[in-house]
Amino acid sequence: IEFIEKSRRQCWALQTNNGQVSFLQTYLISKQVLRLRGLCTLPEFRNRGFMKTLMKLVIDHFSDQDLNFLCFSSESGLPVCQSVGFAIVPDFIPR
């Protein structure tokens, strides 16, 4: 895992021997809420668990800060979000 910048907005990347393969951004909305956004895995590396690993590492990184996590996702990204513990809130799913 590579931490790219430090501020209220942070970029994270998961790197393999092939280079960076998955990326996400975190944004500290308030002292209590951290939003995960911009989840992306390069097409040739999808469906191999890279995003799930990156999400777990980032959530674990912030685990001592007593934060609530929020993640907006496309429909195709919902399974990976659910696999790390996010619940679907239908009112927030863009149509």
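Look a little higher up for the structure.
Every value quoted in this text rests on a predicted model; they were computed, and no experiment measured them.

(A) Main features of the environment of K52. Mapped onto the secondary structure, K52 falls in helix α1 (residues 50–61). Taking the C-alpha atoms as reference points, K52 and V80, 28 residues apart in sequence, are found 5.9 Å from one another. Sequence-distant contacts of K52, defined by excluding residues within four places in its chain, comprise V80, S83 and V84.

(B) Up close: the nonpolar core. By size, the foremost hydrophobic cluster in this structure holds 18 residues, and its most contacted members are L24, L36, L54, M55 and F86. Here this core takes 6 residues from α1, the largest share from any one element.

(C) Up close: the pairing of strand β4 (residues 33–41). With 6 bridges connecting them, strand β3 (residues 19–28) and β4 associate as antiparallel partners. Considered in β4, the bridge of L28 is made with L34. Bridge analysis of β4 against strand β5 (residues 68–71) gives 4 bridges, and the strand direction is parallel. The residue of β5 that forms the bridge with V33 is N68. Handedness of the crossover is the feature at issue here: the chain leaves β4, passes through α1, returns alongside β5, and the resulting connection is right-handed.

(D) Looking closely at the state of the cysteines. Summed over all chains, the structure comprises 0 disulfides. Among the cysteines around C81, which has no disulfide bond, C71 carries the closest sulfur, lying 3.7 Å off. Accessibility expressed as a relative area gives 3% for C81, which makes it buried.

Cut-offs used in this document
Residues numbered from 1 in each chain as written. Predicted model: local features only at pLDDT ≥ 70, side-chain atom pairs only at ≥ 80, totals over all residues. Heavy atoms only, no water. Helix = DSSP H or I, 4+ residues; strand = E, 2+ residues; numbered from the N terminus. Contact = heavy atoms within 4.5 Å. Core = buried A, V, L, I, M, F, W, Y, C linked by side-chain atoms within 4.5 Å. Buried < 20%, exposed > 50% of the residue type's maximum accessible area, 1.4 Å probe, protein only. Pairing = 2+ DSSP bridges. Right-handed = clockwise from strand over helix to strand, strands pointing away. Disulfide = S-S within 2.5 Å.

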